[in-house]
Amino acid sequence: MQPVASHSLRSRVKCRPGRPWMSMTASVTPSIATFKTRDAMGRAAAADVAAALRDHLGRQSNVRMIFAAAPSQAEMLDALARERDIDWRRVTAFHMDEYLGLPADAPERFGAWLTRHLFSRIAFGAVHLIGQEPDPEREAARYAALLGEAPIDIICLGIGVNGHLAFNDPPVADLHDTKSVKIVELDAVCRQQQVDDECFPTLGDVPAHAITLTIPRLLDADRLFCVVPGASKRAAVERSLYGPIGTECPASALRTHPRCALYLDQDSTPPQLSLTPVRA
């Protein structure tokens, strides 16, 4: 499967001053925190995201964030919405992917999911949702332009069962993508995950195509906070941390980012980390 359409990565040629792109073969160990429960993991990740937000807001007038929409992020987002002493009016929010082919008011849309879990609970300065047809290519270009207007400071993301970041599944992922936002075909493992996560009743209900931010676009941020609970993600976490960096496990690209924090619960922790102290 190949990307159906894609659009230029503007920010790659105007990346954050003083932070040149790392080689996609250079490996940096993310900071890793493991927890006994999903709730404890979510609260700790939210506290760290909030601390980074306060730090950025103390040094600059506005902060730009990107959020993942998935059940794996629910505990973290709930705790983040409860954090205090954050001037959310100075925060601009984006999200990293969206289905194609669903009605504009479908509750399964990622924009709708994030609105229920976060955007309706906090008075953001601005929230930019990925739109709908009839022209997905034009929408991808519009969203790429919005993302490229200024650097992205913080991204809250997860890892898929197949190792994807956003909807960069192994067949369509490109660690050296020159695009910022593109249209992709979802692979079977990714679509089945949406059923297993109870987002859709059957595989036939899951859209086959989506708009996604590319991997270089996601890595072009100051801080990454990656929240990955659940036994179904353990193998993907193991490949991300210990396998080769490449498109067979797109999340392995996280090891090329110098400021990535990874949060796991006991179920998602691979055996190599079994001796790591687990926080309650």
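How each quantity is defined
- Residues numbered from 1 in each chain as written.
- Predicted model: local features only at pLDDT ≥ 70, side-chain atom pairs only at ≥ 80, totals over all residues.
- Heavy atoms only, no water.
- Helix = DSSP H or I, 4+ residues; strand = E, 2+ residues; numbered from the N terminus.
- Buried < 20%, exposed > 50% of the residue type's maximum accessible area, 1.4 Å probe, protein only.
- Contact = heavy atoms within 4.5 Å.
- Phe/Tyr/Trp six-rings, centres within 6.5 Å; stacked < 30°, edge-to-face > 60°.
- Pairing = 2+ DSSP bridges.
- Salt bridge = Lys/Arg side-chain N within 4 Å of Asp/Glu carboxyl O.
- Core = buried A, V, L, I, M, F, W, Y, C linked by side-chain atoms within 4.5 Å.
- Arc of directions from axis to C-beta.
- Axes fitted to C-alpha atoms, helices over the stretch in contact; angles between N-to-C directions.
- Parallel < 35°, antiparallel > 145°, perpendicular 65-115°, else oblique.
- Left-handed = near helix turned anticlockwise from the far one by under 90°.
- Nonpolar A, V, L, I, M, F, W, Y, C, P; charged D, E, K, R; others polar.

Would you mind going over the overall build of the protein chain with me for this structure?
On a plain count of helices and strands, the protein chain comes out with seven helices and twelve strands. A total of 280 residues make up the protein chain; the buried ones form 54% of that total. When contacts within the protein chain are restricted to residue pairs at least 6 apart in sequence, those whose partners lie at least 24 apart make up 82%.

Could you clarify how one ought to interpret the packing of aromatic side chains in this entry?
Given two aromatic rings, one states the distance between the centres and the angle between the planes to describe the pair. Tallied over the entire structure, the rule returns nine aromatic pairs. Note on Phe 67 and Phe 119: the rings are 6.1 Å apart at their centroids and 75° apart in plane angle, and the pair reads as edge-to-face. In this pair, Phe 67 sits in strand β3 (residues 63–67) while Phe 119 sits in helix α3 (residues 110–119), placing the two residues 52 residues apart along the sequence. On the basis of relative accessibility, which here comes to 0%, the residue Phe 67 falls in the buried class. Exposure remark for Phe 119: the relative accessible area of 10% places this residue in the buried category. Within the aromatic cluster, the residues linked to one another by ring pairs are Phe 67, Trp 88, Phe 119 and Phe 124.

How should the pairing of strand β8 (residues 179–185) be read in this particular structure?
The side chains of a regular strand alternate between the sheet's two faces. Along β8, five of the seven residues are buried, which leaves the element largely enclosed by surrounding structure. Here five bridges tie β8 to strand β9 (residues 209–213), and the two strands are oriented antiparallel to one another. Residue pairing in the sheet places Val 184 in a bridge with Ala 210 of β9.

It is not clear to me how the environment of Ser 31 should be interpreted in this structure. Could you clarify?
Mapping Ser 31 onto the fold places it in strand β2 (residues 31–35). Here the alpha-carbon distance between Ser 31 and Arg 259, two residues 228 residues apart in the chain, equals 8.1 Å. Dropping the residues within four chain positions of it, Ser 31 is found in contact with Cys 260, Ala 261 and Leu 262.

Looking at this structure, how should I read the pattern of salt bridges?
Close approach of charged atoms allows side chains with opposite charge to pair. Counted according to the given criterion, the structure contains eleven salt bridges. The partner of Arg 109 in a salt bridge is Glu 98, with the nearest N and O atoms 3.9 Å apart. Within this pair, whereas Arg 109 is found in the loop between β5 (97–99) and α3, its partner Glu 98 is found in strand β5, the two being separated by eleven residues in sequence. Each member of the pair Arg 109 and Glu 98 is classed as buried. Ionic pairing is found between Arg 259 and Asp 222, a salt bridge with its closest N-O pair at 3.1 Å. A residue pair is termed long-range when its members are at least 10 positions apart, and Arg 259 in the loop between α7 (234–242) and β11 (260–265) and Asp 222 in strand β10 (residues 221–228) qualify at 37 residues. Among the charged side chains, a salt-bridge network with shared partners connects Asp 78, Arg 82 and Arg 121.

Would you mind showing me how to read the nonpolar core here?
Ranked by internal contacts, the top residues of the largest apolar core, which has 50 residues, are Met 65, Phe 67, Trp 88, Phe 124 and Tyr 263. It is helix α1 (residues 38–59) that contributes the most residues to this core, ten residues altogether. Residues contacting Trp 88, with those up to four places away along its chain left out, are Leu 53, Met 65, Leu 80, Ile 122, Ala 123, Phe 124 and Gly 125.

Before we go on, may I ask you to explain α7 in this structure?
Because an α-helix packs 3.6 residues into every turn, residues spaced three or four apart end up facing the same way. Turning to α7, its buried residues number three or more, namely Ala 236, Val 237, Ser 240 and Leu 241. Mapping the buried residues of α7 onto a view down its axis gives an arc of 125°, with all of them on the same face. Packed against the buried residues of α7 are β2, β10 and β11.

When you look at the packing of α1 against helix α2 (residues 74–81) in this model, what are you seeing that I'm missing?
Each pair of packed helices can be described by the angle between their axes along with the distance between the axes. In contact at an axis separation of 7 Å, α1 and α2 are set at 50° when each is read in the N-to-C sense. Between α1 and α2, the crossing angle belongs to the class labelled oblique. α1 and α2 meet at a crossing whose hand is right-handed. Of the residues in α2, those in contact with Arg 38, Asp 39, Gly 42, Arg 43, Ala 45, Ala 46, Val 49 and Ala 50 of α1 are Glu 75, Met 76, Ala 79 and Leu 80. For the contact of α1 with α2, the class distribution of residues is seven nonpolar, one polar and four charged.

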